[in-house]
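Breakdown of the fold
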Amino acid sequence: MDHHYAQEPIHHDQAKYKQLIHNIEAIFHEQGHKLHKVKEFAQRVKEGIEKISPFIQQSTEAVCPNCADVCCINKHAYYNYEDLIYIHALDLKTPDYDFEKKDSTPCQFLSGKGCVMNRSVRPSGCNWYVCSPLFDHMEAILEYGKFDDDLRDVAELWLEMIEEFHRVTKEM
């Protein structure tokens, strides 16, 4: 399996993006029985994100409506290589993208009430990005330490999931 996709902005090439999705779907379809640990890690990542989501939601509801410079831009809307592994390990499909939208425009999934995607299945470029005003707000909340620990746990599970996927697919 060629893993060079991890560093490329693959959504700029719609054909390449769709081919990558097809390739990962095929791996999970044909080798799913070998990827049970990857699927377990993905489920634990999802649960971890759902656990920290209320803290993030509370913070974004307080900070984001007053912001003049929207951080939720379209370049964060696309799944990267690792996100696609995660999404397929959860047996989910990617959304229908509008590849014509520019990266700098507001995210195609941003509505007047926030993101229409469940936080646990948002692209990592969205989930892991925290602007300075949001970070400052979050850090001032008493529960920030617990959130930070839980976030670190999710990040470690994510890395284990990707390492396991690479270990298994390397043997193919």
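Residues numbered from 1 in each chain as written. Predicted model: local features only at pLDDT ≥ 70, side-chain atom pairs only at ≥ 80, totals over all residues. Heavy atoms only, no water.

So, the overall build of the protein chain
Convention followed: Note on conventions: DSSP H or I runs of at least 4 residues are helices, E runs of at least 2 residues are strands, and numbering of each starts at the N terminus. In this treatment the radius of gyration is a C-alpha quantity, and the globule benchmark scales as 2.2 Å times the residue count to the 0.38 power. Summary of the burial criterion: residues with accessible area below 20% of their type's maximum are buried, those above 50% are exposed, and those between are partly exposed, where the area comes from a 1.4 Å probe applied to protein chains only. Every accessible area reported is derived by Shrake-Rupley at a probe size of 1.4 Å, with residue values counting cover from the shown protein chains alone. Positive charge is attributed to Lys and Arg, negative charge to Asp and Glu, and no charge count is given to His or to the chain ends. By convention, charge coordinates are those of NZ in Lys, CZ in Arg, CG in Asp, or CD in Glu.
Within the protein chain one finds six helices and two strands. Since a compact globule built from 172 residues should have a radius of gyration of about 16 Å, the 17 Å found for the protein chain is in line with a globular shape. The principal-axis extent of the C-alpha atoms belonging to the protein chain is close to 50 × 40 × 25 Å. Across the 172 residues that make up the protein chain, the buried fraction comes to 40%. Looking at the protein chain as shown, the accessible area adds up to about 10,000 Å², and 51% of this sits on carbon and sulfur atoms. Counting 19 positive and 29 negative side-chain charges, the protein chain places the averaged centre of each group 3 Å from the other.

A word on the layout of surface pockets
For the record, the criterion: In this analysis a 1.4 Å probe is tested at points of a 1 Å grid over the protein atoms alone, and where it fits but cannot get out there is a cavity; an open set with protein on both sides within 12 Å along at least five of seven lines is a pocket; lining residues have an atom within 4 Å of a point. Grid points are joined across faces, edges and corners, and a volume is the space filled by probe spheres set on the points. Basically, the charged four are Asp, Glu, Lys and Arg, the nonpolar ten are Ala, Val, Leu, Ile, Met, Phe, Trp, Tyr, Cys and Pro, and anything else, Gly included, counts as polar.
Quantified by volume, the largest pocket comes out at close to 900 Å³. Elements with a minimum of two residues in the lining of the largest pocket: helix 2 (36–63), strand 1 (110–111), strand 2 (114–115), helix 4 (124–127), helix 5 (132–139) and helix 6 (144–170). The dominant element in the lining of the largest pocket, judged by the number of residues it contributes, is helix 2, at five residues. For the lining of the largest pocket, the per-class residue count stands at 27 nonpolar, eight polar and six charged.

Topic: empty space enclosed by the protein
Overall, the coordinates contain one cavity of 30 Å³ or more when judged by the stated rule. Lining of the largest cavity is provided by I49, Y79, D83, Y86, S120, R122, P123, S124, N127, W128 and W158. Those elements that provide at least two residues to the lining of the largest cavity are helix 3 (81–89) and helix 4. Its residues assigned to classes, the lining of the largest cavity comprises six nonpolar, three polar and two charged.

Re the packing of aromatic side chains
Put simply, the rule is: Any Phe, Tyr or Trp ring, taking Trp's six-membered ring, that has another such ring centre within 6.5 Å forms a pair; planes under 30 degrees apart are called stacked, those over 60 apart edge-to-face, and the others tilted.
For the coordinates displayed, the defined rule picks out twelve aromatic pairs. Summarising the aromatic geometry, the rings of Y97 and F109 are spaced 5.9 Å apart at their centres and angled 70° between planes, so their arrangement reads as edge-to-face. Of this pair, Y97 sits in the loop between helix 3 and strand 1 while F109 sits in the loop between helix 3 and strand 1, placing them twelve residues apart in sequence. With respect to class, Y97 is no different from F109; both count as buried. Among the aromatic residues, ring-to-ring pairing joins Y17, Y78, Y97, F99 and F109 into one connected group.

Examining the side chain of N74
Worth spelling out the cut-off: Two N or O atoms form a polar contact when they lie within 3.5 Å of each other; inside protein one atom must be a possible hydrogen donor and the other a possible acceptor, and for residues adjacent in sequence the pair counts only when both atoms belong to side chains. A contact between two residues is defined here by any heavy atoms of the two lying within 4.5 Å.
One can find N74 in the loop between helix 2 and helix 3. Judged by its relative accessible area of 0%, N74 falls in the buried class. Within the structure, the side chain of N74 is placed 3.3 Å from the side chain of Y78, a separation counted as a polar contact. In contact with N74, other than residues within four places in its own chain, are D98, K101, K102, D103, T105, P106, C107 and Q108.

Re the packing of helix 2 against helix 3
Inclusion rule: Only C-alpha atoms enter the line fits that serve as axes; for helices the fit covers just the stretch in contact. Angles between N-to-C directions range over 0 to 180 degrees. For classification purposes, an angle smaller than 35 degrees is called roughly parallel, one larger than 145 roughly antiparallel, one from 65 to 115 roughly perpendicular, and anything else oblique.
Running from N to C, helix 2 and helix 3 point in directions that differ by 100°, and their axes come no closer than 8 Å. The angle between helix 2 and helix 3 places the two elements in the roughly perpendicular class. Residue-level contacts link V38, K39, A42, V45, K46 and I49 of helix 2 to I85, Y86 and A89 of helix 3. Across the contact of helix 2 with helix 3, the residue classes break down as seven nonpolar, no polar and two charged.

Re the pattern of salt bridges
Applicable threshold: One speaks of a salt bridge when a side-chain nitrogen belonging to Lys or Arg is within 4 Å of a carboxyl oxygen belonging to Asp or Glu.
By the definition in use, this model includes eight salt bridges. Note that K146 and D150 form a salt bridge whose closest N and O atoms lie 2.9 Å from each other. Here the residue K146 and the residue D150 both occupy positions in helix 6, the gap between them amounting to four residues, near one helical turn. According to the relative accessible area criterion, K146 is partly exposed, its value standing at 48%. Its relative accessible area of 9% is what places D150 among the buried residues. Notably, a salt bridge pairs D148 with R152, separated by 3.2 Å at the nearest N-O pair. In this pair, D148 and R152 both sit in helix 6, four residues apart, roughly one turn of the helix. On the basis of relative accessibility, which here comes to 41%, the residue R152 falls in the partly exposed class.

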